[in-house]
Structures are given as C-alpha cells and as structure tokens.
Amino acid sequence: MPTFKSDFLNIMQERGFIHQCSNFDGLDALLVSGPQRAFCGYDPTGRSLHVGHMISMMMLHWFQECGNTPYTLMGGATAMIGDPSFKDKTRPLLTRDEIDTNVRSIQESYSSFIRYGDDPIGGQMVNNADWILGLNYMEFLRDVGTCFTVNRMLSFDSVKLRLEREQPLTFLEFNYMIMQGYDFLHLHKTHGVMIQLGGSDQWGNMINGVDLAHK
C-alpha cells in the first residue's frame with residue numbers, strides 16, 4: 001500500500017475512499033504545496049441527501065480538516081437533464097421550481113459536514129445554474145463542443161451499458177457529460193479549483209472535465 005506525502009490522501013487511503021485518480025503523483029505534490037480547493041457536485045433531484053452521498057461528503061469534510069477549501073456544487077442546471085450514468089432509463093424531467101425547492105431543502109444538510117464561511121478555508125456552495133443557464137447555445141457548441149468527440153463519449157461504460165442493453169439514450173442525456181466537464185473548467189477559471197472529487201460512477205464525467213481543461 002503506497003504512502004502519500006499529503007495528509008488528505010493518507011486519510012482517504014486509510015478509510016478506503018480511493019478508487020481512481022487521474023494523477024496520483026501530481027495530486028500528492030499539489031496537496032503538499034499549500035492549501036487547495038476541490039469540489040464535488042450534487043444534482044438536487046430529491047428533497048434530501050441520502051446514504052449514497054455520504055462518502056463524497058466525508059471526502060469534502062476531511063479535505064477541509066486538512067486545511068483546504070471544499071466547494072459543494074449544486075447542479076441546478078444539470079438536474080434539468082438528469083445524470084444518465086448507469087441508469088436503465090431516462091430520469092423524470094424536473095421543472096425549475098421543483099429543482100429550486102430541492103436545492104433549498106437540502107442546503108442545510110451540508111452544514112452538518114462542512115464549515116461554511118468567509119474564513120480562509122470556509123466551505124463555499126455554488127450552483128451551476130448561475131453559469132450554465134445563461135450560455136449562448138451556438139457559442140457553447142463552437143467553443144466547448146469541439147473539444148469532445150462522439151467516439152470517446154461512446155467509449156464510457158455508462159454510455160456503453162445503455163447501448164448494449166438497447167435502451168434509449170436521448171440527445172439531452174448525451175449532453176450531461178459535457179455540462180459536468182464544463183463545471184470543472186468554470187470553477188477552475190473563476191475560483192481556482194484544481195481538484196474534483198466524486199463517486200466511481202462519475203469517473204467518465206470527471207475525466208471529461210480534466211481533458212476539457214487541458215484542451
């Protein structure tokens with residue numbers, strides 16, 4: 001079992017939270033270089049958090065305990081699509097009012113795990129509706145869509161599984177991974193966020209964010 005230089009990665013490893021990482025050596029070096037910022041996204045598709053959110057919430061909790069700033073990203077825009085990852089069918093589409101109600105309902109839950117505030121490592125809550133809903137569609141396709149290839153998008157397990165089962169994957173859902181990739185790029189540009197945390201079912205979407213930032 002490898003030993004990391006950073007407290008955060010050692011704590012994650014001790015608790016069995018580590019499954020994949022795009023660059024272990026680079027991440028470890030970044031974490032020991034000084035305080036960092038990381039985010040994890042949550043789509044408000046229901047009125048409360050559930051046990052499936054627990055690991056990622058604890059990752060953000062320990063990230064902050066190690067002297068870093070956690071960002072909780074509310075998917076006010078991506079919830080309008082619904083994450084298709086490893087789902088047998090399209091999620092029910094929610095209205096803006098339903099999503100806003102869900103956001104308000106679960107916001108208090110986060111403060112049980114994360115200290116929010118204006119201090120140097122105070123947690124921050126952001127909502128991707130603030131930057132996605134105002135995008136110009138044609139400009140977005142030109143500037144961001146050209147960085148994604150259908151060939152690569154079809155290679156992700158979450159997409160292949162749906163196609164292998166001959167279950168419909170709508171064009172709307174196909175855009176989800178582009179939206180999540182754009183979230184990482186936006187938070188990097190506007191907040192200096194360098195790290196994304198998430199469950200293993202989100203790996204393909206997370207890698208899209210890394211690739212988009214590089215491009």
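How each quantity is defined
Residues numbered from 1 in each chain as written. Predicted model: local features only at pLDDT ≥ 70, side-chain atom pairs only at ≥ 80, totals over all residues. Heavy atoms only, no water. Phe/Tyr/Trp six-rings, centres within 6.5 Å; stacked < 30°, edge-to-face > 60°. Helix = DSSP H or I, 4+ residues; strand = E, 2+ residues; numbered from the N terminus. Buried < 20%, exposed > 50% of the residue type's maximum accessible area, 1.4 Å probe, protein only. Lys NZ or Arg CZ within 6 Å of the ring centre and 35° of its normal. Polar contact = N/O pair within 3.5 Å; in protein donor to acceptor, adjacent residues only side chain to side chain. Contact = heavy atoms within 4.5 Å. Core = buried A, V, L, I, M, F, W, Y, C linked by side-chain atoms within 4.5 Å.

Trainee: Honestly, the packing of aromatic side chains in this entry has me stumped. Any pointers?
Mentor: Per the stated rule, a full pass over the model turns up 5 aromatic pairs. Ring plane angle 85° and centroid distance 5.2 Å describe the contact between Phe140 and Tyr182, whose orientation is recorded as edge-to-face. Here the residue Phe140 occupies a position in helix α6 (residues 137-143), and Tyr182 occupies one in helix α10 (residues 176-191), the gap between them amounting to 42 residues. Judged by its relative accessible area of 9%, Phe140 falls in the buried class. The side chain of Arg15 reaches across the aromatic face of Trp62, ending 4.5 Å from its centre.

Trainee: How should the side chain of Asn10 be read in this particular structure?
Mentor: With respect to the helices and strands, the residue Asn10 is situated in helix α1 (residues 7-14). Among the polar contacts made by the side chain of Asn10, one reaches the main-chain carbonyl oxygen of Phe4 at a distance of 2.7 Å. Excluding residues that lie within four positions of it along the chain, Asn10 makes contacts with Thr3, Phe4 and Lys5.

Trainee: Looking at this model, I keep getting lost on the nonpolar core. Mind explaining?
Mentor: A general tendency of soluble globular proteins is for nonpolar side chains to be buried together. One finds Ile178 and Tyr182 to be the most contacted residues of the largest nonpolar core, which totals 28 residues. For this core, the secondary-structure elements that each account for two or more residues are β2 (69-74), α5 (129-132), α10 and α11 (203-214). In terms of residue count, α10 provides more of this core than any other element does, 8 residues in total. Sequence-distant contacts of Ile178, defined by excluding residues within four places in its chain, comprise Phe140, Val144, Phe148 and Met153.

Trainee: Can you help me understand the environment of Leu9 in this one?
Mentor: By the secondary structure assignment, Leu9 is in helix α1. Residue class for Leu9 comes out buried when judged on its relative accessible area of 4%. The spacing of Leu9 and Arg162 is 153 residues in sequence and 33 Å in space, taken between C-alpha atoms. If we skip the residues at most four places from it in the chain, Leu9 touches Phe4, Ile18, Phe24, Leu27, Asp28 and Leu31.

None of this, on its own, says anything about what the molecule does.
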